[in-house]
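# Structural overview
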Amino acid sequence: MVWFTEANTEPDELLQLRPELEQRYRAFLHALWQEGQVPRRVLELCQIRIAAIHDCPPSWWPATPPPGAGQGAVDQATQTALRSGLNDGNRALFSDAEAAALSVAEQIPHAHHAIVDGQIAELRSTYGNAGAVALITAMAFFDVNARLRLALGVDVPSAQQE
């Protein structure tokens, strides 16, 4: 079975071809953005960093959260800093809790096997067990979204496709 054609290469359009999958995906995103286990700013910071690691265009950050999820909390200067990752030059922009999340987000795309118990313990201490699970799962979703969009060539400016 072939799911996509030139007419439906947007990830949202592909999900609509599998209504049960789309429903579960949307329910997860809704719970993630609405339930408050992880602050929205932390989710956005992680999403932006993961997209930047994949060299995704800024128009992809952050993914549109469900209606009613509130306004974004990441300013342009912080987005720019996230392109280079967490380092001594920009560390002051982030709280300890944000830095803990970003240290894990940094590894999700290409070094997730190198995430150590201490990093997970810090997330659990900061966000609680449920929050740590939600955050790591969100990071995986952000990574998959970036990879899917890149693989499909969705929204990639022509200069980046060459």
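All chains use their own residue numbering, which begins from 1 and follows the written sequence. The predicted origin of the model limits local features to residues at a pLDDT of at least 70 and limits the giving and counting of side-chain atom pairs to 80 or more, whereas totals for whole chains, interfaces and linings rest on all residues. Water and hydrogen atoms play no part in the side-chain values, which are based on all heavy atoms of the structure.

## Quick word on the environment of Ile-53
Which entries qualify depends on this criterion: Labels follow the DSSP assignment, with helices taken as runs of H or I lasting at least four residues and strands as runs of E lasting at least two, numbered in each case from the N terminus. Only protein chains enter the accessibility calculation, which uses a 1.4 Å probe; a residue is then buried when its area is under 20% of its type maximum, exposed when over 50%, and partly exposed in between. Whether two residues touch is decided by their heavy atoms; if any such pair falls within 4.5 Å, the residues are in contact.
Examined against the element boundaries, Ile-53 turns out to sit in helix 3 (residues 40–53). On the basis of relative accessibility, which here comes to 21%, the residue Ile-53 falls in the partly exposed class. With 55 residues separating them in the primary sequence, Ile-53 and Ile-108 have C-alpha atoms 9.6 Å apart. In this structure Ile-53 touches Ala-105, Glu-106, Pro-109 and His-110, once residues within four positions along its chain are discounted.

## Some thoughts on the packing of aromatic side chains
The way to describe two aromatic rings as a pair is by their centre distance and the angle between their planes. Put simply, the rule is: Two rings belonging to Phe, Tyr or Trp (six-membered ring only in the last case) form a pair when the distance between their centres is within 6.5 Å. Interplanar angles under 30 degrees mark stacking, angles over 60 mark edge-to-face geometry, and anything in between is tilted.
For the coordinates displayed, the defined rule picks out two aromatic pairs. Taking the centre distance of 5.6 Å and the plane angle of 20 degrees together, the rings of Tyr-25 and Phe-141 count as stacked. Highlighted residues: Tyr-25 in helix 2 (residues 19–34) and Phe-141 in helix 7 (residues 117–152), separated in sequence by 116 residues. Assessed through its relative accessible area of 22%, Tyr-25 is described here as partly exposed. The class of Phe-141 is partly exposed, set by a relative accessible area of 28%.

## Regarding the pattern of salt bridges
Put simply, the rule reads: Here a salt bridge means any side-chain nitrogen of Lys or Arg lying within 4 Å of a carboxyl oxygen belonging to Asp or Glu.
This structure, assessed with the given rule, holds six salt bridges. Of the charged contacts, one joins Arg-40 and Glu-44 as a salt bridge, the two residues approaching to 2.6 Å between their closest N and O atoms. With Arg-40 and Glu-44 both in helix 3 and four residues apart, this pair spans about one turn of that helix. For Glu-98, the salt bridge identified is with Arg-41, shortest N-O distance 2.6 Å. You can see Glu-98 sitting in helix 5 (residues 96–105) and its partner Arg-41 sitting in helix 3, a full 57 residues away along the chain.

## Quick notes on the packing of helix 2 against helix 7
Put simply, the rule reads: A fitted line through C-alpha atoms represents every axis, and for helices the fit uses only the stretch in contact; the resulting angles, taken between N-to-C directions, go from 0 to 180 degrees. Throughout this description, any angle smaller than 35 degrees is read as roughly parallel, any larger than 145 degrees as roughly antiparallel, any in the 65 to 115 degree range as roughly perpendicular, and the remainder as oblique. In this scheme the handedness of a crossing depends on how the near helix is turned from the far one: anticlockwise by less than a right angle means left-handed, clockwise means right-handed. Side-chain classes are defined by residue name, with Ala, Val, Leu, Ile, Met, Phe, Trp, Tyr, Cys and Pro counting as nonpolar, Asp, Glu, Lys and Arg as charged, and the others, Gly among them, as polar.
Two numbers describe how helix 2 lies on helix 7: the axes approach to 11 Å, and their chain directions differ by 130 degrees. Between helix 2 and helix 7, the angle is such that the two are oblique. Of the two possible hands of crossing, helix 2 and helix 7 adopt the one that is left-handed. In contact with Tyr-25, Phe-28, Leu-32 and Trp-33 of helix 2, helix 7 contributes Ala-134, Thr-137, Ala-138, Phe-141 and Phe-142. Along the lines of polarity and charge, the residues of the contact of helix 2 with helix 7 split into eight nonpolar, one polar and no charged.

## Concerning unusual backbone geometry
Although it is not a glycine, Asp-55 adopts a positive phi angle of roughly 60 degrees. Looking at where Asp-55 falls in the secondary structure, it is placed in the loop between helix 3 and helix 4 (76–82). Overall, the relative accessible area of 42% leaves Asp-55 in the partly exposed class.

## Comments concerning the side chain of Gln-79
Put simply, the rule reads: For the purposes of these results, a polar contact is taken to be a pair of N or O atoms within 3.5 Å, where, inside protein, one atom must be able to donate a hydrogen and its partner to accept one; residues adjacent in sequence count only when each atom of the pair is a side-chain atom.
Considering the arrangement of structural elements, one finds Gln-79 in helix 4. Here Gln-79 falls in the buried class, since its relative accessible area comes to 12%. Here the side chain of Gln-79 touches Val-74 through a polar contact of 3.4 Å, landing on its backbone oxygen.

## Looking at the side chain of Glu-44
Residue Glu-44 is classed as buried on the basis of its relative accessible area of 2%. Here Arg-40 takes part through its side chain, which lies 2.6 Å from a polar atom of the side chain of Glu-44.

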